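Analysis of the macromolecular model
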Amino acid sequence: MSKKTPMREQPPDVRKKNFDEVALGYTLEEAVSEAQRCLQCPTHPCVSGCPVGIDIPGFIRELRNGRLEESYRILKSYNNLPAVCGRVCPQEVQCESRCVVGKMKDSEPVAIGRLERFVADWAAENLEEKVEESAGQRKEKVAIVGSGPAGLTAAADLAKMGYSVDVFEALHKPGGVLVYGIPEFRLPKKIVEREVNYIEKLGVKIFLNTVIGKTVKVKDLLEEYDAIFIGTGAGTPKFMGIPGTNLNGVYSANEFLTRVNLMKAYLFPDYDTPIRVGRRVAVIGAGNTAMDAARSALRLGAEKVYIVYRRTGKEMPARREEYHHALEEGIEFLWLTLPVRYLGDANGNVEAMECVKMELKGVDKSGRPKPVPVEGSNFVLEVDMVIEAIGQGPNRVLLSEFPGLELNERGYIKAEKDTGATSVRSVFAGGDIVTGAATVIEAMGAGKRAAQFIHSYLSGEWDPWQK
Ligand SMILES: Cc1cc2nc3c(=O)[nH]c(=O)nc-3n(C[C@H](O)[C@H](O)[C@H](O)COP(=O)(O)OP(=O)(O)OC[C@H]3O[C@@H](n4cnc5c(N)ncnc54)[C@H](O)[C@@H]3O)c2cc1C
Ligand code: SF4
């Protein structure tokens, strides 16, 4: 029946040569027209699809009445990073998947993410941010380890409740995956900086270049703070471990994206960090990380970029929008394909990879269709760069240093789902370090819930460690 108001974008031929943001956002007229598609359902099922429970009909109502400041206040009261979420949340499986308008015949859901982005961007341009610093009004101190979406959300909410909050971050910039993983063309870094600045204005102190477990000992943290939240993410790359992995030109997506995004290697030599990009690049995997790596390689001048995935497009975990953008930019998808070894030249540089075709048979342990090799289907693909994006594991530095902290069988922290409480008294955890690689908004949801329960614990209302 009705479709989403389209959002303007850079044309594929132009954008594949630059790192500027692809999606250009709505104009006010477009935003209001999209907001008018919302039915203002009294049951608002969209809200139950949002891990931080934004009052979606509320902010849309204010927007369509032209009350943009009120709309922004509603958004910001639930979500500390709306300009980020409006851009990177997989809305198609969250709020928008529940939208009533999307359930009607031939109709698309209300573009909740685009509207959230519009309001947050409007506020950045038009509002003098009024922040009331409340941090420090209470005597208790909370330490947050990691400045990704989980840590930043917990920090902001606790500061609003009056706690003194110190965030410790291993890298030289705050933001976690938002700064080192997701590229500029999807999430401009000035937007992350702006939202982090707001959190600092609440009174949160961020200590950079501080690896907890090394620079600062866990013991000292436990002594100095009344509660700790661990949000260290899942930033350790996994490798397939097939022959040839050590050849020059084989990267983890983590290294490749960190060089490109955090160290701005795409601006080399203006920035010091170099990046070597091949002519023909294969990216292994089909999640958001793989799409980001493939599209970055293209922008750095690769002539041909393949995404190589052992299942099909149906099982691919990437956001649909990123997949479509990658397709439009000319990335080629090799479905049902698994690399079995990398082949090198006499100088130790990768020059090709041998792959086998797969078929889907039955289901695996995770309940997804199980890919199995088709005998005799091996073939060789000529490539001079390979980026493995097959998943990430937990950051271990802190975990190995933490006495009594229980981990699950996959090496992630065991924490209560609803509260974030871990096995160690006064220590909470949330985000990817508990769930494994997930999404920005889920990490934020975990940070928000933990902040609530840290407050209940420090107020003496609740104590899960009392036996
Ligand atoms: C390339 C890529 C693209 C993605 N795209 C999307 C997307 O489009 N949409 C989406 O919803 N999700 C996406 N994700 C997933 C999403 O980014 C993560 O789920 C989310 O960032 C997890 O947040 P977090 O706070 O748990 O951890 P992180 O963002 O990983 O942050 C953890 C922080 O902790 C720091 N740290 C680790 N150990 C220590 C220590 N010992 N001491 C101090 N600091 C430490 C790290 O340096 C890091 O800054 C993507 C992930 C990647 C890798
Ligand atoms: S479900 Fe859709 S139409 Fe209903 S309130 Fe939410 S956004 Fe509006």
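Look above for the structure.
Reference entry: report on the structure contained in this document. Worth saying up front: this structure is predicted, and the values here are computed from it rather than measured. (Residues numbered from 1 in each chain as written. Chains lettered and ligands numbered in written order. Predicted model: local features only at pLDDT ≥ 70, side-chain atom pairs only at ≥ 80, totals over all residues. Heavy atoms only, no water.)

This paragraph deals with the sheet that holds strand β16 (residues 385–388). Within a sheet, neighbouring strands are paired by backbone hydrogen bonds and run either parallel or antiparallel to one another. Within the open sheet, the 5 strands sit side by side as β8-β16-β9-β10-β11. Their pairing is parallel. Every interior strand has two partners, whereas the edge strands, β8 (250–252) and β11 (332–334), have only one. The average angle at which neighbouring strand axes cross in this sheet is 25 degrees, direction not considered. Running over the sheet, helix α14 (residues 253–262) touches β8 and β16 and is turned about 80 degrees from β8. (Pairing = 2+ DSSP bridges. Helix = DSSP H or I, 4+ residues; strand = E, 2+ residues; numbered from the N terminus. Axes fitted to C-alpha atoms, helices over the stretch in contact; angles between N-to-C directions. Contact = heavy atoms within 4.5 Å.)

Near ligand 1, the surroundings consist of 37 residues, among which V88, A150, E169, R186 and D432 are the closest. Within the contact set of ligand 1, an oxygen atom lies 2.9 Å away from a backbone nitrogen or oxygen of D432. Residue A438 places a main-chain N or O atom 3.2 Å away from an oxygen atom belonging to ligand 1. Of all the secondary-structure elements, those providing two or more residues to the shell around ligand 1 are α10 (149–160), α15 (288–299) and α19 (440–458). For the shell around ligand 1, the element with the highest residue contribution is α15, accounting for 3 residues. Per-class residue counts for the shell around ligand 1 are 17 nonpolar, 15 polar and 5 charged. (Near = heavy atom within 4 Å. Polar contact = N/O pair within 3.5 Å; in protein donor to acceptor, adjacent residues only side chain to side chain. Nonpolar A, V, L, I, M, F, W, Y, C, P; charged D, E, K, R; others polar.)

Looking now at the packing of aromatic side chains. Enumeration according to the criterion identifies 14 aromatic pairs in this entry. A ring pair is formed by Y457 and W465, whose centres lie 5.1 Å apart and whose planes are at 75 degrees; its orientation type is edge-to-face. By relative accessible area, W465 is classed as buried at 13%. An aromatic cluster is built from F428, F453, Y457, W462 and W465, whose rings are joined through pairwise contacts. (Phe/Tyr/Trp six-rings, centres within 6.5 Å; stacked < 30°, edge-to-face > 60°. Buried < 20%, exposed > 50% of the residue type's maximum accessible area, 1.4 Å probe, protein only.)

In the region of ligand 2, the neighbouring residues are C38, L39, C41, P45, C46, P57, C99, V100, V101 and I112. When contributions to the shell around ligand 2 are tallied by element, the ones reaching two or more residues are α3 (45–48) and α8 (100–103).

Now for the sheet that holds strand β5 (residues 205–207). Taken together, 5 strands build an open sheet; the order of strands is β5-β4-β3-β6-β18 and the sheet is parallel. The two strands at the open ends of the sheet, each matched to only one other strand, are β5 and β18 (427–429). For this sheet, the mean inter-axis angle between neighbouring strands, taken without regard to orientation, is 20 degrees. Of the pairings in the sheet, the one linking strand β3 (residues 141–145) to strand β4 (residues 164–168) comprises 5 bridges and is parallel in character. Among the inter-strand pairings, V142 is bridged to a residue of β4, identified as V165. Against the sheet, α10 contacts β3, β4, β5 and β6 (227–230), and its axis sits at roughly 165 degrees relative to β3. Sheet contacts for α19: β3, β6 and β18; angle to β6, the most-contacted strand, approximately 170 degrees.

Glancing now at the pattern of salt bridges. Opposite charge on two side chains allows them to pair when their charged atoms are near. Evaluated as defined, the whole model comprises 37 salt bridges. Linking R87 and E21 is a salt bridge whose minimum nitrogen-to-oxygen distance equals 2.8 Å. With R87 in helix α6 (residues 82–88) and E21 in the loop between α1 (12–15) and β2 (23–25), the pair connects residues that are 66 residues apart, well separated along the chain. Take R87: its relative accessible area is 8%, and that puts it in the buried class. A single network of salt bridges, built from pairs that share partners, joins E9, R15, R186, D292, R295, R299, R319, E321, E322, E328 and E329. (Salt bridge = Lys/Arg side-chain N within 4 Å of Asp/Glu carboxyl O.)

Where strand β12 (residues 337–344) and strand β13 (residues 350–363) come together, 7 bridges link them in antiparallel fashion. Bridged to L343 within β13 is A352. Looking at chain direction, β13 and strand β15 (residues 379–382) are connected through 4 bridges and run antiparallel. Bridge assignment links M353 to a residue of β15, and that residue is L381.

Where α14 meets α15, the closest approach of the two axes is 10 Å, and the angle between their N-to-C directions is 50 degrees. The angle between the axes of α14 and α15 places the two elements in the oblique class. In this structure, α14 meets α15 at a crossing whose hand is left-handed. Residues A253, F256, L257 and V260 of α14 pack against T289, D292, A293, S296 and A297 of α15. Class assignment for the residues of the contact of α14 with α15 results in 6 nonpolar, 2 polar and 1 charged. (Parallel < 35°, antiparallel > 145°, perpendicular 65-115°, else oblique. Left-handed = near helix turned anticlockwise from the far one by under 90°.)

A word on the nonpolar core. Membership of the largest hydrophobic core comes to 78 residues, with the highest contact counts inside it found for I56, F59, V84, L115 and I144. Here this core takes 9 residues from α19, the largest share from any one element. When sequence neighbours within four positions are dropped, the list of residues in contact with F59 reads I54, S71, I74, L75, I112, L115, E116 and V119. In this structure, Y251, A294, A326 and A389 belong to the second largest nonpolar core, which totals 32 residues. (Core = buried A, V, L, I, M, F, W, Y, C linked by side-chain atoms within 4.5 Å.)

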